[in-house]
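Residue-level structure breakdown
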Amino acid sequence: MNIPRCDQTPAWSELKHHYDTQGRDFDLRTAFQQQPQRAAELSVAAPEIVADLSKNRWDLATRDLLVRLARECGLEARRDAMLRGEVVNPTEGRAVLHTALRAPRGAAPFSDEVHEVLDRLLQWVEQVRDTARSGIRHVVNIGIGGSDLGPQMLVPALDAHLHEGLQFHFVSNVDGHDIVPVLRGLDPRETLFIVASKTFTTQETMANANLARTWFLEGMGPQGEAEIGRHFVATTTNVQAASAFGIHTTFGFWDWVGGRFSLWSAIGLPVALAIGADAFRSMLAGAHAMDRHFAETPLERNLPALLGLLDVWYRNFHGYTSRSVAPYHQGLRRLPAYLQQLEMESNGKQVDLDGQPLPYATSPVVWGEPGTNGQHAYFQMLHQGSDVIPVEFIAVRHTSHDTRLSPALQAGLADQHTKLLANCLAQSQALMQGKSTESALLEQAPTASKALGALTVARHRTFPGNRPSSTLVMDRLTPASLGALIAMYEHRIFVSGAIWGINSFDQWGVELGKALCNQLLPRFATGDTTGLDGSTAALLTRLRG
Ligand code: F6P
């Protein structure tokens, strides 16, 4: 594909002009006054999600220019090449086909392999879920990064759908303080360990897997060795290494599944164990529906495309450096962590596909906490800090509480849910509306110091407003809606990565630290600091032993 770099396209120049003449001073409050249809015009419906993008600093003209930019950067051709299975990860010489993992039989490349593993995995899952027979009560997933964050995020999000007789634990950190408290409460006879690692070489995962095996053998006594096969399972592309570890039940996947996109592969095993085969298939179907939306919907109404383009607008024209994610559902408490890997490992790059340095910014920092907790922590900065940080609210209309609870509890929970949703709406409203010093002057602030003049206090109580946000609305958290939500995020980061002309699918940035760690490890035994910089040498001496 002969595609110009984004900053060399005509659309980029027009966007620059548009930003200079209208974008920089765009005022959301004025926009809503002048355009009564704004909320409808800038809302988008996609499978399982309706997104209100109208509280962003853009209008239809901006959107159309961004769509032109996408076309001039060959977004649709790049997307189609990915979906066809072409090598779109050139630095690793790989296709990128996580979409094939959730496509119906026969509808995508590698369908036979994918469905063979999926069927086998889901059959096995149902055997383990028959806890009276399997004897399993606890599932411990040992993995890190993409082999941890997806299942760790989804299992609590699907709380209402979980098997009541199984408890799930996640161990990722090489720090033993992660695994020790998990093992403390467990009985090896009732525990299933999943060793999840695409490569089956990752230091943290191998260390924890070895420790788990030692703990298991100690706990089981003489029959421990013979029982390993029933209590350890591996999800990996490196079946040989798993078997050398002594694991014989292995569910494989392929090098065209990136670690951070692997939730849909065998790496999703904890999710499948938690919710069962039918619900897991429903999650895949939800993701597939979003894939089709991304593949088939014109860019003007294509949710992942529009969000990815807004990211470019904010990062490269407004110069915003971060985006905050605020899921107003406690089940999504690990979503920000999941998105940090998905987005920053994908788009935290500084060279284009040919290795040429880029003159423009790429991935923003992605961070957040569930609402309402974040409101009582860092929202102060979002409202009055010196940086403008676009916020992404996620609101879920209906709760998924246990319907067997007493009527009084149900009523209390319904009331709490209304409070939650009101908070969510109030925050995006407050960010946009702000509060003038004049309004602040008219208010009585109960805790305001009497020693200060009214104007001084009012200035402290002034909010600039005009702070942008998006609100994604889902009906409920279900396997299908979560599948769609996660697939939407995957495609959105593909969009911004494609505009920036980077490889969103490699992660060379994690390698240097790994290599240096391997060089430092033996020095902890010997104390040798020869050739180290002064800081590292002194710290090593202080930390060892
Ligand atoms: O360190 C980065 C990384 O390679 C991620 O991309 C990946 O998700 C994680 O490590 C875990 O890798 P693996 O699944 O091979 O253990």
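Everything numeric here is computed off the predicted structure, so don't read it as measured data. (Residues numbered from 1 in each chain as written. Predicted model: local features only at pLDDT ≥ 70, side-chain atom pairs only at ≥ 80, totals over all residues. Heavy atoms only, no water.)

**Notes on the site of the ligand**
Taken together, 14 residues lie near the ligand, and Ser147, Ser197, Lys198, Thr199 and Thr202 sit nearest. The backbone of glycine 146 places a nitrogen or oxygen atom 2.7 Å from an oxygen atom of the ligand. Here threonine 202 contributes a side-chain N or O atom positioned 2.5 Å from an oxygen atom of the ligand. When isolated, the ligand has an accessible area of 390 Å², and the protein chains bury 87% of it. Across the shell around the ligand, the residue classes tally to 2 nonpolar, 9 polar and 3 charged. (Near = heavy atom within 4 Å. Polar contact = N/O pair within 3.5 Å; in protein donor to acceptor, adjacent residues only side chain to side chain. Areas by Shrake-Rupley, 256 points an atom, 1.4 Å probe, with all protein chains shown as cover. Nonpolar A, V, L, I, M, F, W, Y, C, P; charged D, E, K, R; others polar.)

**With respect to the domain arrangement of the chain**
Accessible area lost upon the coming together of the parts serves often as the stated size of an interface. What the domain assignment reports for the chain is domain 1 (43–88 + 283–400 + 411–437 + 455–500), domain 2 (97–282) and domain 3 (511–544). Relative placement of domain 2 and domain 3: their C-alpha centres are 34 Å apart. (Domains from an automatic or database assignment.)

**Digging into the packing of aromatic side chains**
Counted by the stated rule, this structure contains 19 aromatic pairs. Taking 5.7 Å as the distance between ring centres and 40° as the angle between the ring planes, the aromatic pair formed by tryptophan 12 and tyrosine 360 counts as tilted. Of the two residues, tryptophan 12 is situated in helix α1 (residues 10–23) and tyrosine 360 in the loop between α16 (335–347) and β11 (365–368); the sequence distance between them amounts to 348 residues. In this structure, tryptophan 12 and tyrosine 360 share a single accessibility class: buried. An angle of 15° between the planes, with centres 4.6 Å apart, marks the rings of phenylalanine 110 and tryptophan 256 as stacked. With a gap of 146 residues between them, phenylalanine 110 in the loop between β4 (94–95) and α6 (111–129) and tryptophan 256 in the loop between β9 (249–252) and α13 (269–275) connect regions that are remote in the sequence. Aromatic ring contacts, followed pair by pair, group Trp12, Tyr19, Trp313, Phe317 and Tyr360 into a single cluster. Here the guanidinium or amino end of arginine 79 rests over the ring plane of phenylalanine 294, the centre of that ring lying 5.8 Å away. Residue placement shows arginine 213 over the ring face of phenylalanine 245; its charged tip is 4.1 Å from the ring centre. (Phe/Tyr/Trp six-rings, centres within 6.5 Å; stacked < 30°, edge-to-face > 60°. Helix = DSSP H or I, 4+ residues; strand = E, 2+ residues; numbered from the N terminus. Buried < 20%, exposed > 50% of the residue type's maximum accessible area, 1.4 Å probe, protein only. Lys NZ or Arg CZ within 6 Å of the ring centre and 35° of its normal.)

**Quick word on helix α10 (residues 203–220)**
Helix length check: α10, at 18 residues, gives a terminal C-alpha distance of 26 Å against a target of 26 Å (1.5 Å per residue), a fit within 8%. Restricting attention to buried positions, one finds in α10 the residues Thr205, Met206, Asn208, Ala209, Ala212, Trp215, Phe216 and Met220. After α10 finishes, the residue glycine 221 shows a positive phi value of roughly 70°. (Expected span 1.5 Å × (residues − 1).)

**Digging into the nonpolar core**
Leu69, Leu335 and Tyr489 are the most contacted members of the largest nonpolar core, which totals 116 residues. Considering every element that reaches this core, the biggest residue donor is helix α21 (residues 479–500), with 13 residues. In this structure, this core is formed jointly by two domains, domain 1 (43–88 + 283–400 + 411–437 + 455–500) and domain 2 (97–282), each of which donates at least three residues. Counting residues in hydrophobic clusters, the runner-up holds 22 residues, among them Ile142, Ala209, Ala212 and Ile247. (Core = buried A, V, L, I, M, F, W, Y, C linked by side-chain atoms within 4.5 Å.)

**Some details on the UniProt feature "active site" (unreviewed entry) in the chain**
Mapped onto this structure's residue numbering, the UniProt feature "active site" (unreviewed entry) falls at Glu345, His376 and Lys514. For the residues just named, distributed over 170 residues, the greatest C-alpha separation reaches 36.7 Å, placing them at more than one site. In this fold, glutamate 345 is placed in helix α16. We classify glutamate 345 as partly exposed; its relative accessible area is 21%. Setting aside anything within four residues of it in sequence, one finds glutamate 345 in contact with Arg260, Gln340, Asp506, Gln507 and Val510. By the element assignment, lysine 514 lies in helix α22 (residues 511–526). The class of lysine 514 is partly exposed, set by a relative accessible area of 44%. (UniProt positions renumbered as here; feature names shortened; annotations may be inferred. Contact = heavy atoms within 4.5 Å.)

**Regarding the sheet that holds strand β1 (residues 43–46)**
Pairing between the strands of a sheet comes from backbone hydrogen bonds, and it takes one of two forms, parallel or antiparallel. Pairing is mixed in the open sheet, where 6 strands are placed in the order β1-β2-β13-β12-β10-β11. Looking at the sheet topology across the chains shown, the edges are occupied by β1 and β11. Ignoring strand direction, the axes of neighbouring strands in this sheet form an average angle of 20°. Of the strand pairs in this sheet, β1 and strand β2 (residues 49–52) are connected by 4 bridges, and their pairing is antiparallel. What sits directly across from valine 44, in β2, is alanine 51. The strands touched by α16 are β10 (322–328), β11 and β12 (391–396); relative to β11, the strand with the most contacts, the crossing angle is about 175°. (Pairing = 2+ DSSP bridges. Axes fitted to C-alpha atoms, helices over the stretch in contact; angles between N-to-C directions.)

**Details of unusual backbone geometry**
A cis geometry characterises the amide bond from glycine 371 onward to threonine 372, with omega recorded as 10°. The residue threonine 372 is located in the loop between β11 and α17 (379–384) in this model. In the Ramachandran plot, phenylalanine 200 falls in the positive-phi region, its phi being about 60° despite a non-glycine side chain. By secondary structure assignment, the location of phenylalanine 200 is in the loop between β7 (191–196) and α10. For asparagine 466, which is not glycine, the phi dihedral falls at a positive 60°.

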